[in-house]
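Here is what each chain is made of, one letter per residue.
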Amino acid sequence: MMKRKWIWIGLLIAGLVCACTAMRPRWYCEEMLNGARTQKYEMCSDKREYEYGETVRVRFTVTNLSAQPLHLSGGSSPVMEILDISDLSWSATQSQTETQLTLAPESSHTIEWLWIPTQAHLEDLFAKSQSRPFMTPFTGQVAGESVVGVEVVIKSLTYDPVASSDALPGYCERGRRPVGDLELQLCTDEPEYQFGETVQIQWQIRNISNKVLTLDGGEDPAMDIYAANWVPASEEGEADQYM
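Rules of the game
Residues numbered from 1 in each chain as written. Predicted model: local features only at pLDDT ≥ 70, side-chain atom pairs only at ≥ 80, totals over all residues. Heavy atoms only, no water. Pairing = 2+ DSSP bridges. Helix = DSSP H or I, 4+ residues; strand = E, 2+ residues; numbered from the N terminus. Axes fitted to C-alpha atoms, helices over the stretch in contact; angles between N-to-C directions. Buried < 20%, exposed > 50% of the residue type's maximum accessible area, 1.4 Å probe, protein only. Polar contact = N/O pair within 3.5 Å; in protein donor to acceptor, adjacent residues only side chain to side chain. Contact = heavy atoms within 4.5 Å.

## Here we look at the sheet that holds strand 2 (residues 39-45)
Here comes step 1: Across the sheet, 4 strands lie side by side as 1-2-4-8; this open sheet has antiparallel pairing. Among the strands making up the open sheet, the edge pair consists of strand 1 (28-33) and strand 8 (108-115). The mean angle between the axes of side-by-side strands here comes to 15°, regardless of whether they run parallel or antiparallel.
Here comes step 2: Across 7 bridges, strand 2 lies against strand 4 (residues 56-64) in antiparallel orientation. Bridging from a neighbouring strand, Lys40 pairs with Thr63 of strand 4.

Written out as structure tokens, the structure is:
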């Protein structure tokens, strides 16, 4: 009877170990070696594609392949760094970073970045990459030199359509957030204007949930309108003027 008991306990432990192992992320990695093949650089992400709002997990590892200690210096900057396409950096999210690093033979050092991109940042990525969903490279740097990179896809926030009965008049971009809290509509009274004409813009945010919502812009306005992607008149073949 005791023998059977220990068999069940052994199976239970084995099952727990298997369950824990299965939950570990599968890393997608790119590797590079330096010219002397004494250093290995590895950049990994825990996914190839992320939904909007998901945490992007990226890690960067430097390994000393030589038989001698490896001394690395970043001067006054981080000796190891992760950057994305818009120069957002891992070091900007850290309270402390190392500017000097010594690796013993056959040893490694890893930094890891857990990051949830905002919609505004994704729009900035779109402006640089001109692709949706957003394909963004993360680059690993050692002592200010880019040594390896990995690309991931980050999806932007999508919107559900607005019912025709709720649509504002005019020429609009509109949508409802999939989480069911806000309906957003930005409209102009004309699709095109002659020089000197008044541009009429209507910007509406409507609470479509069953609870009170508070929009807090911090030091900035909770609602605002600004000109995006302003094109100089010279690119339209006219005088380069802003009025």
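There is more to say, and it comes next.
## Focus on the side chain of Ser66
Here comes step 1: Position of Ser66 among the secondary structure elements: in the loop between strand 4 and strand 5 (70-73).
Here comes step 2: The exposure class of Ser66 is buried, given its relative accessible area of 18%.
Here comes step 3: At 2.7 Å, the side chain of Ser66 and the side chain of Asn64 are in polar contact.
Here comes step 4: A polar atom in the side chain of Ser66 sits 2.9 Å from the backbone oxygen of Gln68.
Here comes step 5: Ser66 has contacts with Thr38, Pro105 and Glu106, leaving out every residue within four places of it along the chain.

## Some thoughts on unusual backbone geometry
Here comes step 1: At Arg37, a position not held by glycine, the phi torsion is positive, near 60°.
Here comes step 2: Secondary-structure assignment places Arg37 in the loop between strand 1 and strand 2.
Here comes step 3: Given the relative accessible area of 58%, Arg37 is considered exposed.

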